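# Breakdown of the fold
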Amino acid sequence: MTPEENLLKLLRLKRHEQPPPGYFDDFVAEFRDRQRAELMQLSLREIIWERICDFLQPFQVPRLAYATVAAVAVAASVAIIARPSPQLSGGLASTRQPMSLTAPQPVMIGNSVPVSMASTSSPSVHYVLPTQPANYASPRSF
Amino acid sequence: METTETPDAELVARTQAGDARAFDELVVRFSPRLYGLVYNMTSNHEDTNDLLQDIFAKAYRSIKGFQGKSSFYTWMHSIAVNMAINFLKKRNRRMTMSLDDVDNGIMNDPDFIEATSDRDPRHQANLGELQKKLNEAMMKLSHQHRAVVTMFDIQGMPHAEIAKIMKTSEGTVRSRLFYAHRQLQSHLQEFIST
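Residues numbered from 1 in each chain as written. Chains lettered and ligands numbered in written order. Predicted model: local features only at pLDDT ≥ 70, side-chain atom pairs only at ≥ 80, totals over all residues. Heavy atoms only, no water.

## Describing the interface of chain A and chain B
Defined as follows: Should any heavy atoms of two residues lie within 4.5 Å, those residues are considered in contact. Once two parts are brought into contact, the accessible area they lose, counted with a 1.4 Å probe and summed over both, makes up the buried area. Between Lys or Arg on one side and Asp or Glu on the other, a salt bridge is scored when a side-chain nitrogen of the former is within 4 Å of a carboxyl oxygen of the latter. Any pair of nitrogen or oxygen atoms within 3.5 Å is treated as a polar contact; in protein, a donor-acceptor pairing is required on top of that, and neighbouring residues in sequence qualify only through side-chain atoms on both sides. By the criteria applied, helices consist of DSSP H or I runs no shorter than four residues and strands consist of E runs no shorter than two, each listed in order from the N terminus. We call Asp, Glu, Lys and Arg charged. Ala, Val, Leu, Ile, Met, Phe, Trp, Tyr, Cys and Pro are nonpolar, and the rest, Gly among them, are polar.
Between chain A and chain B, the residue contacts involve 33 residues of the former and 47 residues of the latter. Roughly 3,900 Å² of surface becomes buried between chain A and chain B when both sides are summed, with 57% attributable to carbon and sulfur atoms. Inspection of the chain A/chain B interface yields two salt bridges. Here R34 of chain A makes a salt bridge to D50 of chain B, at a shortest N to O gap of 2.8 Å. Between chain A and chain B we count eleven residue pairs in polar contact (both at pLDDT 80 or more) in total. Listing elements by their share of the side of chain A that touches chain B, those giving two or more residues are α1 (3–13), α2 (23–41) and α3 (44–56) of chain A. Considered class by class, the residues forming the side of chain A that touches chain B number 14 nonpolar, seven polar and twelve charged.

## Some remarks on the environment of S62 of chain B
Its place among the elements puts S62 of chain B in helix α3 (residues 45–62). A C-alpha to C-alpha distance of 9.6 Å links S62 of chain B and Q16 of chain B, two positions 46 residues apart in sequence. In contact with S62 of chain B, not counting residues within four places along its chain, are D54 of chain A together with W75 of chain B.

## Structural notes on the pattern of salt bridges
The following threshold applies: Three exposure classes are used, based on accessible area relative to the maximum for each residue type with a 1.4 Å probe and protein chains only: buried under 20%, partly exposed in between, and exposed over 50%.
The tally for this structure, following the rule as stated, stands at seven salt bridges over all chains. A salt bridge links R29 of chain B to E25 of chain B, with the shortest nitrogen-to-oxygen separation between them at 3.8 Å. Separated by four residues within a single helix, R29 of chain B and E25 of chain B lie in helix α2 (residues 20–42), roughly one turn from each other. Looking at R29 of chain B, the relative accessible area reads 22%, which means it is partly exposed. Taking relative accessible area as the criterion, E25 of chain B reaches 33% and is therefore assigned partly exposed. A single network of salt bridges, built from pairs that share partners, joins E30 and R34 of chain A together with D50 of chain B.

## So, the confidence of the model for chain B
Residue and element names in this part refer to chain B. Selection criterion: pLDDT runs from 0 to 100 and stands for how confident the predictor is about each residue.
On average, chain B scores 82 in pLDDT, and the residues at 70 or more come to 79%. Put simply, helix α5 (residues 110–116) is where chain B has its lowest mean pLDDT, 57, and helix α8 (residues 159–165) is where it has its highest, 94. Note on residues 96–102: pLDDT under 50 across the span, and 17 contacts to partners over four residues away in sequence or across chains. Model confidence for the complex: the whole-complex pTM is 0.62, and ipTM, which rates the interface, is 0.71.

## A look at the side chain of H181 of chain B
Within the secondary structure, H181 of chain B is located in helix α9 (residues 170–187). A relative accessible area of 7% means that H181 of chain B is categorised as buried. A distance of 2.9 Å separates the side chain of H181 of chain B from the side chain of E4 of chain A, its partner in a polar contact. Among residues more than four places away in sequence, those in contact with H181 of chain B are E4, L7 and L8 of chain A together with D153 of chain B.

Quick look at the structure:
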């Protein structure tokens, strides 16, 4: 008998390594008990994480990649939320100018252009809004 | 009276529909085989018990996502192998082998009797020693190699099935077996030399 055959014969001995008698009879009951206990303990975050891992499992993604993707997603979300929109920031920045009652400065809000900037003859500041009135008709009189 | 066994697919469908008893039946059906797989990878009965519970719990939670692309048998074994390998990585060779509970079945095995009562004095190893040596040799293999040896040599699964479970090619399975056998032969030389 070759060493290879002897090795295979030895390995087959491990088939006999079994748990104590009656082990499998109790196994299902223990499984039910543990399952109930675990379900009570699982947090929503753990459940969501496990679902994500299960969803990605067929793609054979390395486990560390899940964390990387999650971290990138969080960082991207934070960056998007934290970055102010250019339109809003322009308007807010211009309103922070010091105000004076004696020499009123034209104020920019969004894209609206104060008339005072277009024609210097008018001292008072008023705005031309880009919207149209809903109706020019005179109100109905009774 | 002959009773016909309910097919796995039917039990899976019933479980997916919310019948927990159907899953209990799957647990009864698969636990002995998965026990062997996990035990031969961990070499520890207590770890095997805990891990097996976790494996079935995981399968139960994930069963709604099982689409039947592979057999339930393959799917369950995939979960078991992956979880066992992850567990072994975490355990990091905390080699606490429960070798005190030597199984009675092995005592009557003709292969074992021959292996332990050989004419050569070097082969006069007792039951515990042989089992210990076997487990030690197995634990020296990498997790992937040990999984392949367990499934092929101990559980008698075909290469193709192991390849599906481990999501690899049959060639890789054969290659892993080849190197694992070479390594085991060197560790168990005193028992297998002719």
